[in-house]
Amino acid sequence: MRLVRWSNLLFLAALVWLMEKWVATPILDAAAFGEQLPWYQLLLVILATVLIAAGGYVINDYFDVKIDRINRPDEVVVTRSVSKPDAMRLSLWLSGAGLVCGLVEAWLLRSMTIGIIFIIVPGLLWFYSSSYKRLFMIGNLTIALLSALTPLLVALVNVALLQLRYAAILPYTSLTHDLYAWLGGFALFAFLLTWIREIIKDIQDQMGDRELECHSLPVVWGELWTKIFVTVLMIFTLAVIGHLWYHVLPFPTTWSTLSTRYIVFGIVIPMLCSLALLWSAKIPSDYKTCQQLVKFTMLLGVLFSFCIVRAL
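Because the structure is a prediction, the values reported are computed rather than measured.

**Observations concerning the overall build of the protein**
Phase 1: In terms of helices and strands, the protein carries 13 helices and 0 strands.
Phase 2: For the protein, the α and β elements follow one another from N to C terminus as α-α-α-α-α-α-α-α-α-α-α-α-α.
Phase 3: The C-alpha radius of gyration computed for the protein amounts to 20 Å, which stays within 12% of the reference 20 Å derived for 312 residues, consistent with globular compactness.
Phase 4: Here the C-alpha coordinates of the protein stretch approximately 60 × 45 × 25 Å along the principal axes.
Phase 5: Sorting the 312 residues of the protein into buried and exposed places 50% on the buried side.
Phase 6: At a minimum sequence separation of 6, the contacts of the protein that also span at least 24 residues come to 78%.
Phase 7: Put simply, the protein shows about 15100 Å² of open surface, and 70% of that area lies on carbon and sulfur atoms.
Phase 8: One finds the centroid of the 22 positive side-chain charges in the protein at a distance of 2 Å from the centroid of its 19 negative side-chain charges.

What follows is the structure, given as structure tokens:
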């Protein structure tokens with residue numbers, strides 16, 4: 001269970017479910033279309049996402065044995081609890097099962113785009129683990145993009161269903177725009193927070209990265225400039241949140257007041273605390289605490305989806 005990061009998989013499953021039930025469905029209800037995605041298709045999307053992610057975690061540990069022995073020797077699973085050949089087989093089985101679920105969903109939706117996504121993602125996770133993560137910035141951006149893809153996938157699935165059922169009238173509605181706008185907002189938030197967290201993890205793991213000549217941001221730029229870059233990213237993220245807040249909540253209603261409090265206390269303050277922790281961090285355990293707080297902030301941001309139904 002540690003090998004497949006069960007807590008992260010649970011978060012992914014919850015993310016897909018929340019984006020469907022608390023973002024996409026209220027938007028569809030507000031437009032009088034009603035929920036489109038049957039339960040078994042939602043299950044296929046969740047299974048495909050979780051299984052492919054699990055396969056990615058396993059193959060990542062497979063390629064990272066040497067680095068993990070330096071950075072986190074007590075957490076090494078591959079070569080201790082699980083042999084390398086077994087880890088490789090497990091990764092292939094998990095990724096293969098996820099690919100099958102994704103392709104079945106793409107076939108049901110008659111969507112080549114979704115099918116291509118489920119084919120490309122396992123390959124990206126493989127190349128990320130084997131080489132991309134050792135390249136300057138490429139690995140961080142790859143994981144951030146894949147994180148952002150999860151909310152967008154829910155939008156793609158719903159739009160594909162709408163095109164199957166209401167192709168004639170869909171161009172005369174704003175439904176497609178609304179789905180991509182709301183779910184795209186969550187995707188952007190996931191992208192930025194994941195990017196920030198991945199860079200902080202690189203600072204935490206720089207000892208092993210230097211030993212094995214990985215070109216991570218702190219190895220190439222140094223710790224100080226990496227902290228400055230993360231600070232700029234955090235300020236940019238807060239600016240984006242402020243911009244979206246101003247345009248989504250333009251008038252003083254009860255909902256906007258509650259949402260403003262949630263944004264301030266659930267997202268802005270935790271991010272500022274993360275920033276303070278980042279600059280006070282000295283040892284790997286400090287950076288671990290910082291990146292875990294960023295991860296918790298991402299969870300709080302996702303839970304903002306419960307407010308969407310009150311906005312529509």
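**Concerning the environment of Ile 269**
Phase 1: Along the polypeptide, Ile 269 turns up in helix α11 (residues 254–280).
Phase 2: A sequence separation of 28 residues divides Ile 269 from Thr 297, and the C-alpha atoms of the two residues are 9.3 Å apart.

**Thoughts on a nonpolar patch on the surface**
Phase 1: Taken together, the side chains of Phe 136, Val 220, Trp 221, Leu 224, Trp 225 and Trp 279 define a hydrophobic patch exposed on the protein surface, amounting to about 610 Å² of accessible area.
Phase 2: For Trp 221, the position within the fold is in helix α9 (residues 217–221).
Phase 3: The partly exposed category is assigned to Trp 221, whose relative accessible area is 38%.

**Concerning the environment of Leu 149**
Phase 1: In this fold, Leu 149 is placed in helix α6 (residues 138–166).
Phase 2: Take Leu 149: its relative accessible area is 23%, and that puts it in the partly exposed class.
Phase 3: Leu 149 sits 38 residues away from Ala 187 along the chain, and the two C-alpha atoms are 6.7 Å apart.
Phase 4: Residue contacts for Leu 149: discarding those within four places in its chain leaves Ile 117 and Val 121.

**Topic: the packing of helix α1 (residues 6–30) against helix α7 (residues 175–204)**
Phase 1: It is at 9 Å that the axes of α1 and α7 come closest, and there the two elements cross at 150 degrees. With respect to each other, α1 and α7 are oriented roughly antiparallel. Crossing of α1 against α7: the hand is right-handed. Here α1 contributes Met 19, Val 23, Ala 24, Ile 27 and Leu 28 to the contact with α7, which in turn contributes Leu 175, Asp 178, Leu 179, Trp 182, Leu 183 and Phe 186.
Phase 2: Tallied by class, residues from the contact of α1 with α7 come to 10 nonpolar, no polar and 1 charged.

Scoring rules and cut-offs
Residues numbered from 1 in each chain as written. Predicted model: local features only at pLDDT ≥ 70, side-chain atom pairs only at ≥ 80, totals over all residues. Heavy atoms only, no water. Helix = DSSP H or I, 4+ residues; strand = E, 2+ residues; numbered from the N terminus. Rg over C-alpha atoms; globule rule 2.2 N^0.38 Å. Buried < 20%, exposed > 50% of the residue type's maximum accessible area, 1.4 Å probe, protein only. Contact = heavy atoms within 4.5 Å. Areas by Shrake-Rupley, 256 points an atom, 1.4 Å probe, with all protein chains shown as cover. Lys, Arg positive; Asp, Glu negative; His and termini not counted. Charge placed at Lys NZ, Arg CZ, Asp CG, Glu CD. Patch = residues over 30% accessible without salt bridge, like charges linked within 9 Å, V, L, I, M, F, W, Y side chains within 5 Å. Salt bridge = Lys/Arg side-chain N within 4 Å of Asp/Glu carboxyl O. Axes fitted to C-alpha atoms, helices over the stretch in contact; angles between N-to-C directions. Parallel < 35°, antiparallel > 145°, perpendicular 65-115°, else oblique. Left-handed = near helix turned anticlockwise from the far one by under 90°. Nonpolar A, V, L, I, M, F, W, Y, C, P; charged D, E, K, R; others polar.

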